[in-house]
2 protein chains.
Amino acid sequence: AYHPGRHLLADLYDAVRLTDAAEIEASLKEAAQAAGATILMSHLHVFQSSGGVTGMVLLAESHISIHTWPEHGFAAVDVFMCGEARAEAALEVIRAALGAGRMVVRREVRGAELT
Amino acid sequence: AYHPGRHLLADLYDAVRLTDAAEIEASLKEAAQAAGATILMSHLHVFQSSGGVTGMVLLAESHISIHTWPEHGFAAVDVFMCGEARAEAALEVIRAALGAGRMVVRREVRGAELT
């Protein structure tokens, strides 16, 4: 049965540690665990030009994604989780890991018409 | 330099062909090409329990993601593209591939405060 998904779109400004893919991947996995979600796989890519990182953790409950622009101190993070997973807890782990000075979050419900 | 990202959140109802991971992966790649985006990698997972598919195409311009619930004829699709990539064109390819009877799209700008 479908449980409507919570989708958090977080824009993180004045962030740091935006180029270390291994550290970012560890943070995303820690975030998934904090949410009580089940990790299926993860993949991160580093852009040689800018040092920016783009990546994804696929979850049984949907996904966490990140795209960073270190030259702007900016990261776009998505936490999309269905069921009982705690999306807000996951986002707090990532915000702390990136030391974001400011975070703008939009909270959307996916599949709302299935309820 | 950062070009603000367009992020389309599409909820597709009354959709079909939601269990064929190979076909869905081909559609996502075709969508990326229609947008003029550059594919970095893709990964799709099939849930044995429901036949649902969850997956992702990472792009140089950000990502396309999909999560399907075949038992509800529902798919949640994200098209997040920075720069000049044509996100709307990508979404139309996916909608057509899934034969969605109805699609609800929210259009968000990511990193708006960097402009």
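The coordinates are above.
As a starting point, this report considers the structure included with it. Keep in mind that this is a model prediction, so the values were computed, not measured.

Some details on the packing of aromatic side chains
Centre distance and the angle of the planes are the two values used to describe a pair of aromatic rings.
Next, step 1: Enumeration over the complete set of coordinates arrives at four aromatic pairs over all chains.
Next, step 2: Members of the aromatic cluster, joined through ring pairs, are Y13, W69 and F74 of chain A.

Considerations on the side chain of E61 of chain B
Residues and elements named next belong to chain B.
Next, step 1: Looking at where E61 falls in the secondary structure, it is placed in the loop between strand 3 (53–59) and strand 4 (62–69).
Next, step 2: In this structure E61 is buried but unpaired, with R86 as the nearest side chain of opposite charge at 9.7 Å.
Next, step 3: Setting aside chain neighbours within four positions, we find E61 in contact with G36, A37, T38, F80, M81, C82 and A85.

Let's talk about the pattern of salt bridges
Next, step 1: The full count for this structure, using the stated rule, is 14 salt bridges over all chains.
Next, step 2: The salt bridge partner of E113 of chain B is R102 of chain A, with a shortest N-O separation of 2.6 Å. Linking E113 of chain B in the segment after strand 6 (102–110) with R102 of chain A in strand 6 (residues 102–110), this pair reaches from one chain into another.
Next, step 3: You can call R102 of chain A partly exposed: its relative accessible area is 36%.
Next, step 4: Among the ionic pairs, R6 of chain B bridges to E88 of chain B, the shortest N-O distance being 3.2 Å. Note that R6 of chain B is positioned in strand 1 (residues 5–13) and E88 of chain B in helix 2 (residues 87–98), a separation of 82 residues in sequence.

Quick notes on the interface of chain A and chain B
Next, step 1: Across the boundary between the two partners, chain A contributes 41 residues, which contact 41 residues of chain B.
Next, step 2: For the pair chain A and chain B, the summed buried area comes to about 3200 Å², and 62% of that belongs to carbon and sulfur atoms.
Next, step 3: Along the contact surface separating chain A from chain B lie eight salt bridges.
Next, step 4: At the surface where chain A touches chain B, the tally comes to 22 residue pairs in polar contact (both at pLDDT 80 or more).
Next, step 5: When the residues that make up the side of chain A that touches chain B are grouped by side-chain class, the tally is 22 nonpolar, eleven polar and eight charged.

What counts, and at which threshold
- Residues numbered from 1 in each chain as written.
- Chains lettered and ligands numbered in written order.
- Predicted model: local features only at pLDDT ≥ 70, side-chain atom pairs only at ≥ 80, totals over all residues.
- Heavy atoms only, no water.
- Phe/Tyr/Trp six-rings, centres within 6.5 Å; stacked < 30°, edge-to-face > 60°.
- Helix = DSSP H or I, 4+ residues; strand = E, 2+ residues; numbered from the N terminus.
- Buried < 20%, exposed > 50% of the residue type's maximum accessible area, 1.4 Å probe, protein only.
- Lys, Arg positive; Asp, Glu negative; His and termini not counted.
- Salt bridge = Lys/Arg side-chain N within 4 Å of Asp/Glu carboxyl O.
- Contact = heavy atoms within 4.5 Å.
- Buried area = accessible area lost by both parts, 1.4 Å probe.
- Polar contact = N/O pair within 3.5 Å; in protein donor to acceptor, adjacent residues only side chain to side chain.
- Nonpolar A, V, L, I, M, F, W, Y, C, P; charged D, E, K, R; others polar.

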